[in-house]
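Spelled out from the first residue to the last, the chains are:
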Amino acid sequence: QVQLVESGGGLVQSGGSLRLSCAASGIISSINVMGWYRQAPGKQRESVASITSGGTTNYADSVKGRFTISRDNTKNTVYLQMNSLKPEDTAVYYCNAAVVRPFPYRDLEVWGQGTLVTVSS
């Protein structure tokens, strides 16, 4: 099995910063795309940012210029640095990874358990 363990969520005031981390563990050959999603109360889950193994990044328009995604391939870990946080960023943030595993294991798409980010006004 493969697990994603997230950390770094919490309560922060508007304009503040948080850094989320997500570490993958288990039988892993490599990880292709890693990403962060979020789900606010009463809303659908949405993509926030993603990063390929080569470092190509993609961001939702709502977070461009404020959030930065990065990864450490040696640690199978992805990070999300969130600056200038707004109340509308309040959500449960989920990590996602496209995991490549060695034979005879099947490749997997894995989700973390989620970490709550609350931004107060």
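Everything quoted here is computed from the prediction, not taken from an experiment. (Residues numbered from 1 in each chain as written. Predicted model: local features only at pLDDT ≥ 70, side-chain atom pairs only at ≥ 80, totals over all residues. Heavy atoms only, no water.)

K.L.:
I'm lost on the nonpolar core in this one. Help?
P.N.:
The nonpolar side chains of soluble globular proteins are, as a tendency, buried together. Grouped together as the largest cluster of nonpolar side chains are 31 residues, with contacts concentrated most on Trp36, Leu80, Met82 and Tyr93. Of all the secondary-structure elements, those providing two or more residues to this core are β1 (2-7), β3 (18-26), β4 (30-39), β5 (46-51), β7 (67-72), β8 (77-82), β9 (91-100) and β11 (115-120). In terms of residue count, β9 provides more of this core than any other element does, five residues in total. In contact with Tyr93, not counting residues within four places along its chain, are Glu6, Leu20, Trp36, Tyr37, Arg38, Val48, Phe67, Leu80, Met82, Gly114, Thr115 and Val117. (Core = buried A, V, L, I, M, F, W, Y, C linked by side-chain atoms within 4.5 Å. Buried < 20%, exposed > 50% of the residue type's maximum accessible area, 1.4 Å probe, protein only. Helix = DSSP H or I, 4+ residues; strand = E, 2+ residues; numbered from the N terminus. Contact = heavy atoms within 4.5 Å.)

K.L.:
How should I be thinking about the pattern of salt bridges in this particular structure?
P.N.:
When the charged atoms of two side chains with opposite charge come close together, those side chains can pair. As enumerated under the stated definition, the model contains four salt bridges in all. Of the charged contacts in the structure, one is a salt bridge between Arg38 and Glu46, with a shortest N-O distance of 2.7 Å. Residue classification places Glu46 among the partly exposed positions, given a relative accessible area of 37%. Residue Asp61 is joined to Lys64 by a salt bridge in which the shortest nitrogen-to-oxygen separation is 3.1 Å. Among the residues examined, Lys64 registers a relative accessible area of 49% and is labelled partly exposed. Residues joined in a network through salt bridges with shared partners are Arg38, Glu46, Arg66 and Asp89. (Salt bridge = Lys/Arg side-chain N within 4 Å of Asp/Glu carboxyl O.)

K.L.:
How should I be thinking about the pairing of β5 in this particular structure?
P.N.:
Along a regular strand, successive side chains alternate from one face of the sheet to the other. Relative to β5, β4 is paired through five bridges, and the arrangement is antiparallel. Bridging across to β5, Tyr37 finds its partner in Ser47. Between β4 and β5, which follow one another and run antiparallel, lie six residues, and Gly42 among them has a positive phi close to 80°. In this antiparallel pair of consecutive strands, β5 and strand β6 (residues 57-59), the connection spans five residues, and Gly55 shows a positive phi of 100°. (Pairing = 2+ DSSP bridges.)

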